[in-house]
Every structure is written in structure tokens, then in C-alpha cells.
Amino acid sequence: QVQFVESGGGLVQPGGSLRLSCAASGSFFSGYVMGWYRQAPGNQRELVAAISSKSNTYYTDSVSGRFTISRDNGKNTVYLQMNSLKSEDTAVYYCNRQLGLVGTAIGSWGQGTQVTVSS
């Protein structure tokens, strides 16, 4: 059973940047497709970005061009670089293992990390 720990969230002004990290346990991380999800109050959890074992990437339209997902297999870590942040990006951000770049999450959900974009 793999565990995920998200970090790096915080309060940032509109137009600012933030870098999220997702640390995974286990010995098979390099073969996983990993995704970043977010959930805002009153909304369903949505897939924001994903990265395959070969570093193919997916981004939802609302973040394309502003967010960049990457991974460091040596550190069992996935990152989400968020630039040009908007108030609409405010949410709790989670990471998880999934099936395919737009697949179903198959791991356990962690506590997530809060991102708040406000002046």
C-alpha cells in the first residue's frame, strides 16, 4: 500500500507562484502514472495534471500553460509548479496514483495541501 504526502501549499496573491510536492512511499514509484487533483468548496474533486512513467503529461484546460507537472523518481516525488495563479485555483490539492493519464485514481487519498489565492 503506497502512501502519499502533499506539501507546499499556502497563501499567495493573484499572479503569484507556488510549487507543490508529493512524496510517495514504496519501491515501485517509477512505474506509476501520477496525478494532481484539487477540490474547491462545493465542487467535485477534479484532475488537474498527470504524468506517466515516461513523463508524458496531461493538463486540464483551465491550468494549461500555467501549471507544470514533473517527477523525480530518485526521490519518489511528483511536483506541481503553479504560475500565474488565479482565485479560481483556490482548493485543496491532492496527489494519487492512477490508471492512464486521464484514468481513475487507485491509491489512498492523503490530507492534501491547501492553496489559497487571494489579495
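I will try to describe carefully the structure that is included in this document. All values derive from a computational prediction rather than experimental measurement. (Residues numbered from 1 in each chain as written. Predicted model: local features only at pLDDT ≥ 70, side-chain atom pairs only at ≥ 80, totals over all residues. Heavy atoms only, no water.)

**Brief notes about the sheet that holds strand S5 (residues 46-51)**
To summarise the sheet geometry, strands pair through backbone hydrogen bonds and adopt either a parallel or an antiparallel arrangement. The strand order across the open sheet formed by 6 strands is S2-S10-S9-S4-S5-S6, and the pairing between neighbours is mixed. In this open sheet, the two edge strands, each paired with only one partner strand, are strand S2 (10-12) and strand S6 (57-59). With direction set aside, neighbouring strand axes in the sheet form an average angle of 25 degrees. Pairing of S2 with strand S10 (residues 113-117) involves 3 bridges; the strand directions are parallel. When the sheet's bridge partners are listed, Leu11 is paired in S10 with Thr116. (Pairing = 2+ DSSP bridges. Helix = DSSP H or I, 4+ residues; strand = E, 2+ residues; numbered from the N terminus. Axes fitted to C-alpha atoms, helices over the stretch in contact; angles between N-to-C directions.)

**Quick word on the packing of aromatic side chains**
Tallied over the entire structure, the rule returns 3 aromatic pairs. Where Phe29 meets Tyr32, the ring centres are 6.5 Å apart and the plane angle is 70 degrees; that geometry is what we call edge-to-face. Overall, the relative accessible area of 1% leaves Phe29 in the buried class. In this structure Tyr32 comes out as buried when scored by relative accessible area, which is 10%. Each ring, one from Tyr94 and one from Trp109, has its centre 5.9 Å from the other, and the planes form 80 degrees; the classification is edge-to-face. Taken together, the residues span a long stretch of sequence, with Tyr94 in strand S9 (residues 91-98) and Trp109 in the loop between S9 and S10 at a distance of 15 residues. (Phe/Tyr/Trp six-rings, centres within 6.5 Å; stacked < 30°, edge-to-face > 60°. Buried < 20%, exposed > 50% of the residue type's maximum accessible area, 1.4 Å probe, protein only.)

**Some points on the pattern of salt bridges**
In total, this model carries 3 salt bridges according to the counting rule given. In this structure, Glu46 and Arg38 form a salt bridge, with 2.8 Å as the shortest nitrogen-oxygen distance. Look at Glu46 and you get partly exposed, because its relative accessible area is 32%. With a shortest N-O distance of 2.8 Å, Arg66 and Asp89 are connected by a salt bridge. With Arg66 in the loop between S6 and strand S7 (67-72) and Asp89 in the loop between strand S8 (77-82) and S9, this residue pair connects regions lying 23 residues apart in the sequence. (Salt bridge = Lys/Arg side-chain N within 4 Å of Asp/Glu carboxyl O.)

**What to know about the state of the cysteines**
Under the definition given, this model contains 1 disulfide. A sulfur-sulfur distance of 1.9 Å marks the disulfide that ties Cys22 to Cys95. Its S-S torsion of about 65 degrees marks the bond between Cys22 and Cys95 as right-handed, since a negative value means left-handed. Of the two residues, Cys22 sits in strand S3 (residues 18-24) while Cys95 sits in strand S9, which places them 73 residues apart along the sequence. On the accessibility criterion, Cys22 (0% relative accessible area) is buried. Of the residues examined, Cys95 reaches a relative accessible area of 1% and is grouped as buried. (Disulfide = S-S within 2.5 Å.)

Any link to function would need more than the numbers given here.
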